[in-house]
Amino acid sequence: MRLATRQVRGALKQEIEDLRKAAVDLLAQAEVAIDFPEEEADIISREQMAARIKAALTGPARELMAAHARKRIWVDGVHTAIVGRVNAGKSSLLNRLLDEQRAIVTPIPGTTRDLIESTVTIEGVPLRLVDTAGLGRAKDAAELAGVQMTARMLEEADFLLVVVDRSRPLSPDDRDIIRRAREKKALVVLNKLDLPDRMGDGGADAFASLPVAGISALTGEGLTGLRKKIAASLLEGDLDMSTSHAATNLRHRRALEQAAASFMAAGDAALKERPMEIIAFELRRGLDAFV
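Keep in mind the model is a prediction, meaning the values are calculated, not measured.

A. Just the nonpolar core, in detail. In this structure, Met49, Ile53, Leu57, Ile279 and Leu283 are the most contacted members of the largest nonpolar core, which totals 29 residues. Going through the elements one at a time, helix H1 (2–35), helix H3 (46–76), helix H8 (247–271) and helix H9 (276–288) are the ones with two or more residues in this core. Among the elements that take part in this core, H1 stands out by supplying eight residues, more than any other. Excluding residues within four positions of it along the chain, Ile53 makes contact with Leu26, Thr58, Phe263, Ala266, Gly267, Ile279 and Leu283. Formed by 25 residues, the second largest nonpolar core is a distinct cluster that contains Val120, Leu129, Val163 and Ile230.

Next up, the structure:
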């Protein structure tokens, strides 16, 4: 995991350095043209400058921004929220996935009130697991705060593990969570395989089209299959990582966004036959974003 992280960070650093070098080369040509205006047409034309900016700067910068979100999975892990109604077995699931007693588990509903975060690698995929408070009607201020934090996690997480207690009929809270999970990448975890299925007729229809895995967090039954389904869900298609809160990644992304905007302005200035000084100014601004 650490090796993969270093490799990804190293690759990103090299790609940004390549982009910076291309900008330095184009800026040097622009400055030569400024210093020798009578020979500007022979040094580089506006049309050539615009084409090179697009090929060497704006295009690669956009590709880097798109790839940056995908690479974040290997650097920070997938921000994964374990959500569900009260007493569905979320904390027990967290403990099973971590193979340790990280969260307190009791028969008393609402035991988890604060967010509990841990990291784990599942089938080679790094995850940042967050155990959340159960969603439902809050009985006091502490429970209300927990429910509000869980609602925020539903919005911010990259991936949701929606825990459903199959030994009880689906509640309105279950259905609401499943409905909201459809807006993100999610996996429904049917917990308590060790107990009879009492979800009722049509219960499975509530999460139709969503991937489903059955497990008993109490006995560990189905854990291997769950791990495989988690990895398959994450590696299938593109994962929207736009809600990252990692400082390093935000810094990189903002630098790329600022640089790309300046490079686009430089290319636009070249296409519009603006003075070479304006083109050079925008190229410098793009370079400054990487400082």
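B. Inspection of helix H6 (residues 172–181) at higher detail. Turning to H6, its buried residues are Asp174, Ile177, Ile178 and Ala181. Buried residues of H6, viewed axially, fall in a sector of 100 degrees; they line one side. Buried positions along H6 lie against strand S1 (78–84), strand S4 (159–165) and strand S5 (185–191).

C. The arrangement of the sheet that holds S1 in detail. Strand order across the open sheet formed by six strands is S2-S3-S1-S4-S5-S6, with mixed pairing between neighbours. Lying at the two open borders of the sheet, with one neighbouring strand each, are strand S2 (116–122) and strand S6 (212–215). Neighbour to neighbour, the strand axes of the sheet diverge by 25 degrees on average, direction disregarded. Note: S5 against S6, four bridges, orientation parallel. Counterpart to Asn191 in the pairing with S6 is Ile215.

D. Up close: the packing of helix H4 (residues 90–98) against helix H7 (residues 223–235). Viewed as axis vectors pointing N to C, H4 and H7 meet at an angle of 85 degrees, and their least axial separation amounts to 11 Å. Between H4 and H7, the angle falls in the class roughly perpendicular. Every residue of H7 that contacts H4 at Leu93, Arg96 and Leu97 is listed here: Leu223, Leu226, Arg227 and Ile230. A class-by-class count of the residues in the contact of H4 with H7 yields five nonpolar, no polar and two charged.

Scoring rules and cut-offs
Residues numbered from 1 in each chain as written. Predicted model: local features only at pLDDT ≥ 70, side-chain atom pairs only at ≥ 80, totals over all residues. Heavy atoms only, no water. Core = buried A, V, L, I, M, F, W, Y, C linked by side-chain atoms within 4.5 Å. Buried < 20%, exposed > 50% of the residue type's maximum accessible area, 1.4 Å probe, protein only. Helix = DSSP H or I, 4+ residues; strand = E, 2+ residues; numbered from the N terminus. Contact = heavy atoms within 4.5 Å. Arc of directions from axis to C-beta. Pairing = 2+ DSSP bridges. Axes fitted to C-alpha atoms, helices over the stretch in contact; angles between N-to-C directions. Parallel < 35°, antiparallel > 145°, perpendicular 65-115°, else oblique. Nonpolar A, V, L, I, M, F, W, Y, C, P; charged D, E, K, R; others polar.

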